[in-house]
Amino acid sequence: MPKVKTHSRAKKTFKVTGSGQIKRYNAFKSHLLTKKATKRKRHLRGSSLVSSANLDLVKRMLALR
């Protein structure tokens, strides 16, 4: 059987927490920021967890399955 390769972008984008959940950063924070409200940009700052709907796909990209 061939080895399962990790998706190159995914290993730079997602981090696995100590409890096994997958952390991601919020979209819509890279450009065209002048038209977005300060409150909106502030709430986009931190990180979030990958939703359960996308968890299997992200785990497959990270070769965690």
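The residue count restarts for each chain, going from 1 along the sequence in the order it is written. For a predicted model such as this one, the threshold for reporting local features is a pLDDT of at least 70, and the threshold for listing and counting side-chain atom pairs is 80 or more; totals across whole chains, interfaces and linings nevertheless cover every residue. Only hydrogens and water are set aside when side-chain values are computed; all heavy atoms of the structure are taken into account.

- As annotated in an unreviewed UniProt entry, the chain carries the name Large ribosomal subunit protein bL35 and is attributed to Chitinophaga silvisoli.
- UniProt positions are given in the numbering used here, feature names are shortened, and annotations may be inferred rather than shown by experiment. Taken verbatim from the UniProt record of the chain, the Sequence similarities (unreviewed entry) comment is "Belongs to the bacterial ribosomal protein bL35 family."

1. Things to note about the pairing of strand S2 (residues 22-25)
- Think of it this way: DSSP has to see at least two bridges between two strands before they count as a pair. Helix and strand assignments come from DSSP, with helices taken as H or I runs of at least 4 residues and strands as E runs of at least 2, each series counted from the N terminus. Bridge count between strand S1 (residues 15-16) and S2: 2 bridges; the pairing is antiparallel. Across the sheet, residue Val16 finds its bridge partner in S2, namely Ile22.
- Two successive antiparallel strands, S1 and S2, enclose a turn made up of 5 residues, where Gly20 displays a positive phi of approximately 95°.

2. A closer look at a positive patch on the surface
- Surface patches are defined over residues having more than 30% relative accessible area and no salt bridge, joining like charges when they lie within 9 Å and nonpolar side chains (Val, Leu, Ile, Met, Phe, Trp, Tyr) when within 5 Å. Throughout, the Shrake-Rupley method with a 1.4 Å probe supplies accessible areas, and for residues the shown protein chains are the sole cover considered. Salt bridges are defined by distance alone: a side-chain nitrogen of Lys or Arg within 4 Å of a carboxyl oxygen of Asp or Glu. Only four residue types enter the tally: Lys and Arg on the positive side, Asp and Glu on the negative side; His and the chain ends are excluded. In plain terms, the charge of a residue is placed at NZ if it is Lys, CZ if Arg, CG if Asp and CD if Glu. The grouping of Lys29, Lys39, Arg42 and Arg45 at the surface amounts to a positive patch.
- Structurally, Lys29 can be placed in the loop between S2 and helix H2 (38-43).

3. Some points on the nonpolar core
- In this text, buried Ala, Val, Leu, Ile, Met, Phe, Trp, Tyr and Cys residues form a nonpolar core when linked through side-chain atoms within 4.5 Å. For each residue, the accessible area found with a 1.4 Å probe, counting protein chains only, is set against the maximum for its type, and the residue is called buried under 20%, exposed over 50%, and partly exposed in between. By size, the foremost hydrophobic cluster in this structure holds 6 residues: Ala10, Phe14, Ile22, Val50, Val58 and Leu62.
- Discounting residues that sit within four places of it in the chain, Val58 has contacts with Phe14, Ile22 and Val50. Contacts are assigned to residue pairs that have any heavy atoms within 4.5 Å of one another.

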